[in-house]
Amino acid sequence: MVKQEKIMKKAGRKEAVSIKLAGFPGGADGFELVARFCYNNGRVLLCPSNLPLLHCAAVFLEMTEEECACNLLAQAEAFVNGLCYWTWGDVLTAVRSCEPFAAAADANGLLERLISALFSKITATPETPTTAAAGGGVGTPNRSSSSCSSSPDTVGFGRSSSSATKTPESMRPCAGREWWFDDMTSLSPPTIEKVMRVLGCYGVENKNLILTRFLLHYLRAATRRPPALALCEGEREGAGALAGLADTAVHGVALVGGTAFSCRGLFWVLRIVSAVGLSRECRHKLERLMGLMLDQATLDDLLVSGDDGGVYDVNLVMRLVRVFVASEEEADAPSQRMRKVGRLLDKYLGEISPDHGLKVSKFLAVAESLPDSARDCYDGVYRALDIYLESHPALSLEERTTLCRCLNYEKLTLEACKDLAKNRRIPPGVAVQALASQQCKLHISDPSTCSQSQTPRRRVARRATHSVDLGGGDDDEKELMRLNLQRMQSRVVELERACKEMKGQMSRMAKGKSFSFGAGAASCHQPSGRGLPRLC
């Protein structure tokens, strides 16, 4: 640790001694403080800001009572023994002063003693302490509005008092003790990690809801910190510590589950921890908890920003839907929760359809992620499909036909089916199939309908006679709708026939044109030769 070198100066023939102190706590500033102590007859002004530095330097230089009475280490230890008389701001300042030489402070036990004193102040003071550190700006008398607004309770953490009876004592939220959240955000990620380890709540051992809420508050503050400030404070080295803190927070969230966090609160947690990094195991644990509560989610909750080239994280929603569907598979009949998720997913499809980075396979995967029984009506899926086709005009006929696979034509309303038949973006074959399914549904709903061999006029006359006999007007409306469907179906067939005829004419014209060019000048000199037919 201490190296002594002798350097000979050629000019003066004098011998100079150079001493190198490797790993000295605080570097030049720490050595200067120790030098002032030595040259001031063993007197130095101790305060919470310089105590950690002087204490670590005294341990490094072994400045004990064996060398000199009332040495520096003894004075520093005497000052530390009065921790119980320090204010909240003093203890926080001392902890923050240990960060440049945290390894040395941790090795001699000083950092752990300061952290214990810090949380002793928290438990002993249910309200905000009235004394602030000099120049530190911590521990203001009144709780600021920003502290209240940034509390996790404002994003769906609050629950009724009845749920508290189901929560273990160590997990119950403690209102009125969040005053220290903002003050603790000034500490570095390695220091917060050390705090959690000292309290025995790091990683899977985290079983405290208050500390979980604090970690989420701290992680959000870390993500909002400007990049320049983060580099100055060494946040790049603390990236691993932030990821560990995120995992610790997720373990605490997963332990209480829905008893302390709403579905919106869980999505808020996911956004926070994903910004700093999260292990695969913790992500799976959090997503499973979210998937089980998917019926409580809203459209805004699902609109999570994507990181794979798309605007939204569609893969996340698909994973949540799979978890929810797996939990509902045991039910014989579709539940109200399943139908609610079906309506939510239809809204989500309509929202992500304009995304140009959304692939056909991804759209189909989302649309078909729920069983058919989850939807009583497929109008929402058709509207989302229409928006997608409009936003992606370059799709081929095969791709458009494949997209229509997600529709159940029998569960389309008559208005949606009419719009589908007239929609130019829908392939004609799909329109015919939808009309046929709609007509089949009308026949099933009305068993007294006559056979197809009857003309429409006869069916109208018979239906009119039947309606007069029964005295009702609903049958006439059904017959009119049936006629409209038949007209649309015949119109689609005519369009297909006309399209085939036009293709045949175009091919014959192209062959005739190539024959005339192949004849060369001979055909030009024949006055009786017939020219090509005019195109228009």
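Residues numbered from 1 in each chain as written. Predicted model: local features only at pLDDT ≥ 70, side-chain atom pairs only at ≥ 80, totals over all residues. Heavy atoms only, no water.

S.K.: So what's going on with the nonpolar core? Residues and values would help.
M.R.: Core analysis: the largest hydrophobic core is formed by 119 residues, its most contacted members being W180 and M184. Both domains that meet at this core, namely domain 1 (27-123) and domain 2 (339-443), each give it at least three residues. Once residues lying within four places of it in the same chain are set aside, the contact partners of W180 are W88, F119, I122, I210, L211 and F214. In terms of nonpolar packing, the next biggest core, distinct from the first, is built from 11 residues, F24, V34, A57 and L72 among them. (Core = buried A, V, L, I, M, F, W, Y, C linked by side-chain atoms within 4.5 Å. Buried < 20%, exposed > 50% of the residue type's maximum accessible area, 1.4 Å probe, protein only. Domains from an automatic or database assignment. Contact = heavy atoms within 4.5 Å.)

S.K.: Describe the packing of aromatic side chains, listing the residues and the values that go with them.
M.R.: Summed over the entire model, instances satisfying the criterion amount to 10 aromatic pairs. Ring geometry for F79 against W86: centres 5.4 Å apart, planes inclined by 55 degrees, an arrangement best described as tilted. Assessed through its relative accessible area of 26%, F79 is described here as partly exposed. Judged by its relative accessible area of 8%, W86 falls in the buried class. Cluster of aromatic residues (ring-pair linked, three or more members): F119, W180, F181, F214 and Y218. (Phe/Tyr/Trp six-rings, centres within 6.5 Å; stacked < 30°, edge-to-face > 60°.)

S.K.: Help me get a handle on unusual backbone geometry, residues and values and all.
M.R.: Even without glycine at this site, E62 takes up a positive phi of about 55 degrees. The topology assignment puts E62 in the loop between α2 (51-61) and α3 (72-80). What makes E62 exposed here is its relative accessible area of 58%. (Helix = DSSP H or I, 4+ residues; strand = E, 2+ residues; numbered from the N terminus.)

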